[in-house]
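Close look at the chain arrangement
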Amino acid sequence: MPQKLGVGIIGAGPVTQAIHLPALARLAERFEVREIMDADAGVAEAVARRAGARATGSVEALLANPDVDVVAICSPHRFHAEQTIAACRAGKKAVLCEKPLTLSVAEAEAVAEVQRETGVPVIVGTMHTFDAAWKWARESWGETAGSAHAIRSSIILPPNARFEDFATEVVARPADVEADLSDAAVRAQIAHLGLMAVGIHNMPHLRSFLPPGEPVRILDAEGLQPPFGYRVLAQAGECRIDLRCLMYGTWKPSWIFEAYGTDRRLHIDFTPSYVQAGSASASISTPRGTTSNAPTSQNGYVEEWDDLARLALGELPAPDLSVAVEDLRLAMSLADATAEFISKGAGQR
Ligand SMILES: NC(=O)c1ccc[n+]([C@@H]2O[C@H](COP(=O)([O-])OP(=O)(O)OC[C@H]3O[C@@H](n4cnc5c(N)ncnc54)[C@H](O)[C@@H]3O)[C@@H](O)[C@H]2O)c1
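Per chain, residue numbering runs from 1 following the sequence as it is written. This being a predicted model, a pLDDT of at least 70 is required before a residue's local features are given, and a value of 80 or more before pairs of side-chain atoms are given or counted; all residues contribute to the totals for chains, interfaces and linings.

1. Some thoughts on helix H6 (residues 132-141)
To be explicit about the condition: Exposed residues have 12 or fewer other C-beta atoms within 10 Å of their own C-beta, buried residues have 20 or more, and partly exposed residues fall in between, where C-beta atoms are placed from the backbone. Numbering of helices and strands runs from the N terminus; a helix is a DSSP stretch of H or I covering at least four residues, while a strand is a stretch of E covering at least two. A pair of residues counts as a contact when their C-beta atoms, built from backbone coordinates, are within 7 Å of each other.
All of the buried residues along H6 are Ala132, Ala133, Trp134, Trp136 and Ala137. Each element contacted by the buried residues of H6 is listed here: helix H9 (203-209), strand E12 (265-269), strand E13 (281-286) and helix H10 (300-312). Phi for glycine 142, located one or two positions after H6, is positive at around 90°.

2. Focus on the domain arrangement of the protein
As a reminder of what qualifies: Annotation comment: domain bounds sourced from an automatic or database domain assignment. Each residue is assigned to one of three groups, with Ala, Val, Leu, Ile, Met, Phe, Trp, Tyr, Cys and Pro labelled nonpolar, Asp, Glu, Lys and Arg labelled charged, and all others, Gly among them, labelled polar.
Domain parsing of the protein yields domain 1 (5-127) and domain 2 (129-300 + 313-317 + 326-343). Centre-to-centre, using C-alpha coordinates, domain 1 lies 24 Å away from domain 2. The interface is formed by 18 residues belonging to domain 1 together with 23 residues belonging to domain 2. Of all the elements in the fold, those that place two or more residues in the side of domain 1 that touches domain 2 are helix H1 (14-26), helix H2 (41-51) and helix H5 (105-118). Sorting elements by how many residues they give to the side of domain 1 that touches domain 2 places H1 first, with six residues. Grouping the constituent residues of the side of domain 1 that touches domain 2 by class yields 13 nonpolar, three polar and two charged.

3. Details of the site of the ligand
The cut-off we apply is this: Each residue receives a C-beta atom placed from its backbone. It is near a molecule or strand if this atom lies within 6 Å of it.
Gly11, Gly13, Val15, Ala39 and Glu98 are the nearest of the 25 residues found near the ligand. Residue classes in the shell around the ligand are distributed as 15 nonpolar, six polar and four charged.

4. Quick word on the pairing of strand E14 (residues 289-292)
Keep this limit in mind: Pairing between two strands requires that DSSP report at least two bridges joining them.
Pairing geometry for E13 and E14, over four bridges, is antiparallel. Bridging from a neighbouring strand, serine 283 pairs with serine 292 of E14. The hairpin turn running from E13 into E14, its antiparallel successor, is two residues long.

5. Some remarks on the nonpolar core
Note the following rule: Here, a nonpolar core denotes buried Ala, Val, Leu, Ile, Met, Phe, Trp, Tyr and Cys residues that are linked to one another through C-beta atoms within 7 Å.
Formed by 114 residues in total, the largest nonpolar core has its most connected members in Ile9, Ile36, Val95, Ile268, Leu308 and Ala331. The element that contributes the greatest number of residues to this core is helix H11 (residues 321-343), accounting for 12 residues. Those residues in contact with isoleucine 9 that lie beyond four places of it in its chain are Thr16, His20, Val33, Ile36, Met37, Ala72 and Cys74.

6. Here's the deal with unusual backbone geometry
In the segment running from lysine 99 into proline 100, the intervening peptide bond is cis, with an omega of -10°. Tracing the backbone shows proline 100 in the loop between strand E5 (94-97) and H5. For the bond from proline 226 to proline 227, the omega torsion is 0°, close enough to zero to count as cis. Mapping proline 227 onto the fold places it in the loop between strand E8 (216-223) and strand E9 (230-236). One non-glycine residue with positive phi stands out, namely tyrosine 274, at about 80°. Tracing the sequence through the fold places tyrosine 274 in the loop between E12 and E13.

7. A few points about the environment of threonine 144
As for its position among the elements, threonine 144 is in the loop between H6 and strand E7 (150-157). Owing to 17 C-beta atoms within 10 Å, threonine 144 belongs among the partly exposed residues under this scheme. Separated by 63 residues in the primary sequence, threonine 144 and arginine 207 place their C-alpha atoms 9.3 Å from one another. Once you skip the residues sitting within four places of it in the chain, threonine 144 turns out to touch Arg138, Ser208 and Phe209.

This is the structure:
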């Protein structure tokens with residue numbers, strides 16, 4: 001049997017506990033979790049104990065561990081850049097950085113520079129881009145750039161804790177956010193955070209359909225409710241973009257991405273974050289009929305770890321991180337323009 005790849009995880013919060021450890025449990029023949037780091041020693045120890053791994057409070061110690069081949073960065077956003085750079089400089093075999101890659105385009109460019117210099121493959125945890133349904137959709141649609149006149153993303157989810165509690169008993173969880181929605185600055189912040197935390201997942205899909213070189217203008221926008229609620233209507237060239245996200249105590253969750261061209265429509269039902277129940281379902285309709293993907297049992301999270309294994313073993317070429325930098329640039333510019341639109345009082349409630 002081939003040797004297992006040793007995994008080191010930086011940041012042991014709900015995403016590590018409820019997403020990555022369950023995904024890795026499905027891939028136990030390929031990976032072994034060997035070290036878990038968290039800034040909170042109690043969390044690191046409790047989570048590492050569950051995974052049968054070593055606990056540490058030091059990023060340097062984890063990166064110096066020769067038994068750690070691949071590293072997952074699951075810390076809060078603001079640490080992603082420095083920790084991804086450190087993992088590349090430590091010469092690890094591959095790095096998975098949770099989304100967003102960084103909190104600024106300059107930081108993302110710095111990560112891409114170090115990635116090029118060190119050659120260490122880095123992927124970003126936008127799991128839906130690894131989903132077999134998205135790969136099928138891209139191949140089946142043909143040339144995507146500039147081919148849609150309308151793009152719609154609608155994300156309606158219960159709070160993350162609902163899914164986390166299905167997956168595991170979470171050790172330590174951030175408190176719920178209170179917000180004064182009568183304050184435009186607060187609504188602007190909610191929309192910005194939502195686009196960077198949830199909308200970011202759609203950036204690779206959105207960007208692939210946008211007309212090249214056309215700036216994205218905000219036509220209308222609003223921040224809806226904490227933690228992540230937004231409604232954004234934008235335009236790029238002739239293409240209208242409608243992005244919505246709501247987190248309610250809701251059932252049934254829904255995560256839809258649609259692109260409308262003159263003679264075809266793409267519809268994808270993605271699985272919600274945290275849910276690992278097979279691939280998304282996608283269909284492309286034309287006047288001649290509808291074709292659909294054949295759903296697979298592998299979810300985007302498992303697919304991203306599968307890619308990470310193949311990258312670490314040299315079975316796949318390192319992805320060009322400038323693609324992730326452009327995804328981040330689009331997310332940042334949309335989030336900044338949306339927040340500015342709302343704080344100027346231009347949004348309608
Ligand atoms: N792919 C997805 O579906 C998905 C879903 C939700 C969140 N995320 C992303 O996953 C990441 C983690 O999310 P979360 O909800 O677990 O976050 P969180 O903030 O609740 O927990 C992160 C953990 O990191 C620890 N931490 C704080 N500072 C640290 C540091 N400097 N180094 C290492 N650890 C540190 C905290 O103690 C905490 O245990 C975020 O980047 C988030 O955007 C991804």
